[in-house]
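Inside the fold
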Amino acid sequence: MSLALKKTTDVVPTPTHQPYKMTTRELKLRRYFVDAFNDVEKPEWAMRAAVWSVTDVMKDAGELPEGVIKRIKYIAAIPISFHYRFGYRDGHRRLTLAVEKAISFCIARYFEIDSDRRG
């Protein structure tokens, strides 16, 4: 291996999570996104708990807020792919609202933990 390649591999950050395999916590959150797409009523507090669970684990692993948000978008990416089919406009709208709500919960939780630790 050349010297340039050795230096490049030293600089590249390694993600703290596996990019494609989802944990049970992430699968639980994904279930809420699928249900939102399919118009299945779920309580908001349950989705908030699922988002907080994923956020807490990733923050404890050292992930930055942007990384946690990208992961939540990735978890929702599979149901979002359905919106390209004809007649799924309402499902896409419900799913988009659920993802936006989840990201809001994530941001609030991420910085709530920081403020609690500071005193």
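Before reading further, recall that the structure is shown in the block above.
Residues numbered from 1 in each chain as written. Predicted model: local features only at pLDDT ≥ 70, side-chain atom pairs only at ≥ 80, totals over all residues. Heavy atoms only, no water.

Moving on to the overall build of the protein. Across its full length, the protein carries five helices and zero strands. N-terminal to C-terminal, the α/β element order of the protein is α-α-α-α-α. Counting only residues that meet the buried cut, the protein has 34% of its 119 residues in that class. Long-range contacts, defined as pairs at least 24 residues apart, comprise 81% of the intrachain contacts of the protein with a sequence gap of at least 6. Put simply, the protein shows about 8200 Å² of open surface, and 58% of that area lies on carbon and sulfur atoms. (Helix = DSSP H or I, 4+ residues; strand = E, 2+ residues; numbered from the N terminus. Buried < 20%, exposed > 50% of the residue type's maximum accessible area, 1.4 Å probe, protein only. Contact = heavy atoms within 4.5 Å. Areas by Shrake-Rupley, 256 points an atom, 1.4 Å probe, with all protein chains shown as cover.)

On to the nonpolar core, then. Grouped together as the largest cluster of nonpolar side chains are 25 residues, with contacts concentrated most on Leu29, Phe33, Met47, Val51 and Ile72. For this core, the elements supplying multiple residues, two or more each, are α2 (24-37), α3 (44-60), α4 (65-80) and α5 (89-118). Sorting elements by how many residues they give to this core places α5 first, with eight residues. (Core = buried A, V, L, I, M, F, W, Y, C linked by side-chain atoms within 4.5 Å.)

Another aspect to go through is unusual backbone geometry. In the Ramachandran plot, Asp39 falls in the positive-phi region, its phi being about 65° despite a non-glycine side chain. Locating Asp39 in the fold gives a position in the loop between α2 and α3.

What follows is about α3. Here α3 is 17 residues long and its end C-alpha atoms lie 24 Å apart, about the 24 Å a rise of 1.5 Å per residue gives. Residues of α3 that are buried include every one of Ala46, Met47, Ala50, Val51, Ser53, Val54, Thr55, Asp56, Met58 and Lys59, and no others. Gly62 lies just past α3 and shows a positive phi near 95°. (Expected span 1.5 Å × (residues − 1).)

Tallied over the full model, the rule gives one aromatic pair. On the numbers, 5.3 Å between centres and 70° between planes, the contact of Tyr110 with Phe111 is edge-to-face. Overall, the relative accessible area of 7% leaves Tyr110 in the buried class. Between Arg109 and the ring centre of Trp52, over which it is positioned, the NZ or CZ distance is 4.6 Å. (Phe/Tyr/Trp six-rings, centres within 6.5 Å; stacked < 30°, edge-to-face > 60°. Lys NZ or Arg CZ within 6 Å of the ring centre and 35° of its normal.)

Orientation of α2 relative to α3, taken along the N-to-C sense of each, is 145°, at an axis distance of 9 Å. For the element pair α2 and α3, the recorded crossing hand is left-handed. Contacts from Arg25, Glu26, Leu29 and Tyr32 in α2 reach Ala46, Met47, Ala50, Val51, Ser53, Val54 and Val57 in α3. Grouping the constituent residues of the contact of α2 with α3 by class yields eight nonpolar, one polar and two charged. (Axes fitted to C-alpha atoms, helices over the stretch in contact; angles between N-to-C directions. Left-handed = near helix turned anticlockwise from the far one by under 90°. Nonpolar A, V, L, I, M, F, W, Y, C, P; charged D, E, K, R; others polar.)

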